[in-house]
Amino acid sequence: MRLAVRVTPKGGRDAVDGWGLDPAGRPLLKVRVSAAASDGAANAAVIALLAKVVGRPKSALTIVSGETSRVKLIEIDGLEAEGLAAKLGAPPVG
């Protein structure tokens, strides 16, 4: 499944801050990481955090788009929408 994520680098701690909506009304997951957005450190921290939260290996997560943007699209192999909702709650309906 694909998951839209809005990342806050240098956010003080690694945490998932819940669901939100983008300006177009599409759901996205709000994530903060303590790593800075340089040399891919924040991207690696996002992958590690999400892998831990959803219970999948880091190798099952791939950034499909947005590697240099705050809003990223992440592919998670082996996870269905029901499994994601069980781990993070249901995304809001836009």
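Residues numbered from 1 in each chain as written. Predicted model: local features only at pLDDT ≥ 70, side-chain atom pairs only at ≥ 80, totals over all residues. Heavy atoms only, no water.

### Remarks on the pattern of salt bridges
Under the convention used in this document: By salt bridge we mean one thing: a side-chain nitrogen of Lys or Arg within 4 Å of a carboxyl oxygen of Asp or Glu. Helix numbers and strand numbers start at the N terminus; a helix is a DSSP run of H or I with at least 4 residues, a strand a run of E with at least 2. Exposed residues in this analysis have more than 50% of their type's maximum accessible area, buried residues have under 20%, and partly exposed residues fall in between, with area computed by a 1.4 Å probe over protein chains only.
Going through the model one piece at a time under the given rule, you end up with three salt bridges. Glutamate 75 serves as the salt-bridge partner of arginine 2, at 2.7 Å between the closest nitrogen and oxygen. On the criterion of sequence distance, the pair formed by arginine 2 in strand β1 (residues 2-8) and glutamate 75 in strand β5 (residues 71-76) is long-range, its members being 73 residues apart. Between aspartate 22 and arginine 26 there is a salt bridge; the shortest N-O distance is 2.9 Å. Under the relative-accessibility criterion, aspartate 22 is labelled buried at 18%. With a relative accessible area of 52%, arginine 26 lands in the exposed category.

### A few points about the confidence of the model for the chain
Condition: Think of pLDDT as the predictor's per-residue confidence, scored from 0 to 100.
Averaged over all residues, the pLDDT of the chain is 95; the fraction at 70 or higher stands at 99%. The secondary structure element of the chain with the lowest average pLDDT is helix α2 (residues 81-88), at 92, and the one with the highest is strand β4 (residues 61-65), at 98.

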